Structures are given as C-alpha cells and as structure tokens.
Amino acid sequence: MDKSVFLEDMDAFAYREALTSGEAIVLIPVGSLEQHGPHLPLGTDTILSTHFAAAVARRLGALVAQPIAYGYKSQQKSGGGNHLSGTTSLDGASLIGMARNLVKSFLNQGVRHVVFINGHFENYQFLYEGIDLALEELGITPGAGQSVLLLSYWDFVSQNTLAQVYPDGFPGWEIEHGGVLETSLMLHLEPARVVMERLVDSPAAVLPRFDRLPVVPERTPPTGCLSSAAGSSAAKGALLHDQVVDDLALDLAGELMGELAGVPAWMSSSTVCDVA
C-alpha cells in the first residue's frame with residue numbers, strides 16, 4: 001500500500017521528521033458546503049479540491065493538510081446563491097482568519113511552501129487576503145525562502161481539454177456550477193456519490209450582468225445548477241483530472257522544486273506517471 005500523503009494519517013513524529021529537511025511543501029484543499037443540484041453532494045467542491053491536492057502531492061513528494069471544508073457565501077451568478085438549502089457558508093472575515101492562521105502555523109513549524117488548492121469560486125480573494133496578512137505578520141518578504149501559492153484548479157483546464165469535454169461549445173466558467181465539468185470529475189473520482197438518475201437537463205441560467213442584494217430567488221434555476229450536466233461522463237472526468245494534474249504538477253515543480261532538492265525524476269520523462 002502506498003504511503004499516505006495526508007497529514008491526518010501521520011503521527012507527529014513522522015511529520016516532524018518530514019520538516020527536518022527544511023524543504024517541506026504542504027497543500028491545503030479549500031472547498032465549501034454548497035448545493036450542487038439534485039445529483040451531486042453538498043461537499044463537491046471540497047471533494048474535488050482534495051483529490052487534486054492529493055494527486056499533485058504524490059507527484060511532488062508533498063503533504064496534504066485537512067481541507068477547509070466551508071467556503072465564502074455562494075453568489076447567485078456563480079453558485080446559485082447563499083439562500084439555497086444546504087449551502088452553509090463563512091463570512092469573509094472568518095475565511096480570511098482561517099487562511100491567515102493556517103499560513104502562520106505551517107510556516108512557523110518550518111514548512112517551506114504552502115499551496116492552497118481552491119475548489120470554490122467565491123473563496124479566492126478572501127484566501128488571498130488571509131495569506132497576505134499572515135506573510136506581513138511573519139515578516140516574510142521576497143527572497144526570504146518561504147512562500148505561499150494560491151490557485152483554483154479550473155484555471156489549469158486547457159483549451160484543448162475544454163473542446164473535448166464540450167464538443168458543442170463551452171458555456172463559460174460563470175455558469176459552470178453543477179454542470180458537466182464538476183459532474184464528470186465526480187463520476188471519475190467518486191462515482192458512488194453521484195446520482196445521475198436525479199440529473200435535470202434544463203436550460204442554462206440567464207442572469208443579469210449585475211449583482212442584486214437581496215437576491216431575486218426566481219433567477220436561480222429550481223435545480224440550483226447554473227448549467228445542465230447532460231453529457232457528463234467518467235471518461236470526460238478522467239481527461240479533465242489527468243490533464244489538470246499533469247499541468248498543475250509541472251507548474252508547481254517548476255516554481256518550487258528548483259529551489260529545493262532539484263527536478264523530480266518524473267519531469268525528465270517523456271511519459272508522466274499515472275496517478276490514481
């Protein structure tokens with residue numbers, strides 16, 4: 001059995017040993033508890049970000065921290081809205097505080113690089129603020145040797161992959177909530193948690209170019225999904241997952257590994273190793 005990359009599976013002494021090199025990288029998945037229609041679980045964002053973090057960690061020899069499983073308030077134009085049942089959110093100050101405290105704790109322990117793998121659109125700027133505040137408090141400046149990286153996994157989906165996953169044209173990231181991308185990834189990674197019989201093939205949401213508060217609930221489709229998941233498949237999910245992991249691992253290795261122990265062996269191979 002392969003050695004686990006998850007910190008929750010390690011004892012404190014094994015973790016301490018991992019820190020002794022001064023080269024430890026810790027990945028933190030970030031998601032949400034948010035409705036994703038009748039066919040996907042509330043934890044979809046956290047489940048997917050954790051899978052991506054684990055796959056990349058195996059490539060880099062990194063570790064994966066327990067995820068931040070709650071996210072910032074769902075917004076109507078990107079997640080259906082915070083008014084929908086099941087969506088259970090943090091305010092901005094809370095998410096900033098969590099990111100700030102985690103960065104300070106890991107860097108103070110001797111972790112060299114912390115990488116946030118975000119899976120919930122609304123989280124991004126609050127994570128950024130928490131990271132920035134932590135680095136300021138710690139006095140970590142450019143060239144100090146320690147750093148924090150922040151990314152959302154979908155930013156690594158290539159145009160070629162999008163063309164294969166959406167042969168009739170990509171509808172746009174702004175309405176990809178509970179749609180083909182997330183459903184296909186879940187069919188590939190966690191098929192037992194997907195109930196395709198409950199999928200509703202309805203038209204994509206048509207929303208104004210502004211935000212109105214309080215929201216107009218009727219503008220969110222009854223399913224809570226902003227686009228249809230019809231056409232989803234495990235094969236599309238495998239394509240999405242493998243391409244993102246390949247590109248994300250290469251980018252992180254190029255950014256971080258040159259500062260550490262050198263280029264990993266898999267980077268010099270013409271065939272990138274398969275990661276389950």
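Keep in mind that this is a model prediction, so the values were computed, not measured. Residue numbers restart at each chain and count upward from 1, following the sequence in its written direction. The model is predicted, so local features are restricted to residues of pLDDT at least 70 and side-chain atom pairs to those at 80 or more, both for listing and for counting; the totals for chains, interfaces and linings are taken over all residues. Only heavy atoms go into the side-chain values, all of them from the structure, while hydrogens and water stay out.

Colleague: So what about the overall build of the protein? Which residues, and what values?
Modeller: Numbering of helices and strands runs from the N terminus; a helix is a DSSP stretch of H or I covering at least four residues, while a strand is a stretch of E covering at least two. Along its length, the protein carries 8 helices and 4 strands. Throughout, the radius of gyration refers to the C-alpha atoms, and the reference size of a globule is 2.2 Å times the residue count to the power 0.38. For a compact globule of 276 residues, the expected C-alpha radius of gyration is about 19 Å, and the protein comes in at 19 Å, within 12% of that figure. With the C-alpha coordinates of the protein rotated into their principal frame, the extents come out at 55 × 45 × 30 Å. Each residue's exposure class comes from its accessible area (1.4 Å probe, protein chains only) as a fraction of the maximum for that residue type: buried when under 20%, exposed when over 50%, partly exposed otherwise. The buried share among the 276 residues of the protein stands at 49%. The accessible surface values rely on the Shrake-Rupley method and a 1.4 Å probe; as for residues, cover is taken only from the protein chains in view. As displayed, the protein offers around 13100 Å² of accessible surface, 53% of which is attributable to carbon and sulfur atoms. A residue counts as positive if it is Lys or Arg and as negative if it is Asp or Glu; His and the chain ends are not included. Positions of charges follow a simple convention, taking NZ of Lys, CZ of Arg, CG of Asp or CD of Glu. Placing the 15 positive and 31 negative side-chain charges of the protein at their respective mean positions leaves the two points 5 Å apart.

Colleague: Just give me the short version of helix H4 (residues 92-109), but keep the residues and values in it.
Modeller: For an α-helix the count is 3.6 residues per turn, leaving residues at separations of three or four pointing the same way. For H4, built from 18 residues, the straight-helix expectation of 26 Å at 1.5 Å per residue is met to within 8% by its first-to-last C-alpha distance of 26 Å. Listing the buried residues of H4 in full gives Gly 92, Leu 95, Ile 96, Gly 97, Ala 99, Val 103, Lys 104, Phe 106 and Leu 107. Where H4 terminates, the next one or two residues include Gly 110, which has phi positive at roughly 110°. The span expected for a helix works out to 1.5 Å for each residue beyond the first.

Colleague: So what's going on with the confidence of the model for the protein? Which residues, and what values?
Modeller: Taken residue by residue, the protein gives an average pLDDT of 93. The fraction at 70 or more is 93%. Looking at any residue, its pLDDT shows the predictor's confidence there, from 0 to 100. Residue contacts are defined here by distance: any two heavy atoms, one from each residue, within 4.5 Å place the two residues in contact. Counted against residues more than four places away or in other chains, residues 260-266, with its pLDDT under 50, gives 15 contacts. Ignoring residues within four places in sequence, the model shows residues 268-276, a span with pLDDT below 50, making 10 contacts including any to other chains.

Colleague: Talk me through the packing of aromatic side chains; I want residue IDs and the actual numbers.
Modeller: Between the rings of Phe, Tyr and Trp (Trp by its six-membered ring), a pair exists once the centres lie within 6.5 Å; its type follows the angle of the planes, with under 30 degrees stacked, over 60 edge-to-face, and the other angles tilted. Using the criterion set out here, one finds 5 aromatic pairs in the structure. Arranged with centres 5.2 Å apart and planes meeting at 75°, the rings of Tyr 153 and Trp 154 form a pair that is edge-to-face. The pair formed by Tyr 153 and Trp 154 is uniform in burial state, with each residue classed as buried. Taken together, the aromatic side chains of Phe 52, Tyr 153 and Trp 154 make up a single cluster linked through ring pairs.

Colleague: Would you mind going over the sheet that holds strand E2 (residues 63-64) in detail, with residue names and values included?
Modeller: Criterion used throughout: strands pair if DSSP finds at least two bridges between them. The parallel open sheet is built from 4 strands, whose spatial order is E2-E1-E3-E4. The open sheet has two edge strands with one neighbour each: E2 and strand E4 (147-152). Sheet contacts for helix H5 (residues 124-138): strand E1 (25-30), strand E3 (113-118) and E4; angle to E4, the most-contacted strand, approximately 180°. Axis angles are defined between N-to-C directions and span 0 to 180 degrees, where every axis is a line fitted to C-alpha atoms and, for a helix, only to the segment in contact. In the packing of helix H8 (residues 234-256) onto the sheet, contacts are made with E1, E3 and E4, and the angle to E4 comes to roughly 160°.

Colleague: Any chance you could break down the environment of Phe 210 for me, citing the residues and the numbers?
Modeller: As for its placement among the helices and strands, Phe 210 is situated in the loop between helix H7 (180-189) and H8. In the structure, Phe 210 is positioned 133 residues away from Lys 77 in sequence and 8.9 Å away in space, judged by C-alpha atoms.

Colleague: Account for the nonpolar core, naming residues and giving values.
Modeller: Put simply, a nonpolar core is a bunch of buried Ala, Val, Leu, Ile, Met, Phe, Trp, Tyr and Cys residues held in one set by side-chain atoms that sit within 4.5 Å of each other. Counting residues in hydrophobic clusters, the biggest one holds 43 residues, and the most contacted among them are Leu 27, Val 56, Val 115, Ile 117, Tyr 153 and Leu 252. Looking at this core, the elements that each hand over two or more residues are E1, helix H2 (44-60), E3, E4, helix H6 (159-165), H7 and H8. By residue number, the principal contributor to this core is H2, which donates 9 residues. When residues no more than four places from it in sequence are discounted, the contact partners of Tyr 153 are Leu 48, Phe 52, Asn 118, Gly 119, Leu 181, Glu 182, Leu 185 and Val 244. Formed by 27 residues, the second largest nonpolar core is a distinct cluster that contains Leu 7, Ile 68, Leu 107 and Leu 150.

Colleague: Summarise the pattern of salt bridges; cite the residues concerned and give the values.
Modeller: When a carboxyl oxygen of Asp or Glu lies within 4 Å of a side-chain nitrogen of Lys or Arg, that pair is called a salt bridge. By the definition in use, this model includes 4 salt bridges. Residue Glu 137 is joined to Arg 100 by a salt bridge in which the shortest nitrogen-to-oxygen separation is 2.4 Å. With Glu 137 in helix H5 and Arg 100 in helix H4, this residue pair connects regions lying 37 residues apart in the sequence. According to the relative accessible area criterion, Arg 100 is partly exposed, its value standing at 24%. Between Lys 104 and Glu 137 there is a salt bridge, and its shortest N-O distance comes to 2.8 Å.

Colleague: If you had to explain the side chain of Glu 182 to someone new, which residues and values would you point to?
Modeller: Mapped onto the elements, Glu 182 comes out in helix H7. Of the buried charged residues, Glu 182 lacks a salt bridge, with Arg 193 as the closest side chain of opposite charge at 13 Å. Excluding its chain neighbours within four sequence positions, the residues that come into contact with Glu 182 are His 36, Leu 40, Thr 44, Asp 45, Leu 48, Tyr 153, Glu 176 and His 177.

Colleague: Which residues make up the packing of H2 against H8, and what values do they have?
Modeller: Contact geometry for H2 and H8: axes closest at 9 Å, N-to-C directions at 50°. Classified by the angle between their axes, H2 and H8 sit oblique to one another. Here H2 and H8 pass one another in a crossing that is right-handed. Together, Phe 52, Ala 55, Val 56, Arg 59 and Leu 60 of H2 and His 241, Val 244, Val 245, Asp 246, Leu 248, Ala 249, Leu 252 and Ala 253 of H8 make up the contact between the two elements. As a working rule, the residues Ala, Val, Leu, Ile, Met, Phe, Trp, Tyr, Cys and Pro are called nonpolar, Asp, Glu, Lys and Arg charged, and the rest polar, with Gly in that last group. Of the residues in the contact of H2 with H8, the class split is 10 nonpolar, 1 polar and 2 charged. These descriptions rest on fixed angle ranges, namely under 35 degrees for roughly parallel, over 145 for roughly antiparallel, 65 to 115 for roughly perpendicular, and the rest for oblique. Crossing handedness is defined as follows: a turn of the near helix away from the far one that is anticlockwise and smaller than a right angle gives a left-handed crossing, while the clockwise case is right-handed.

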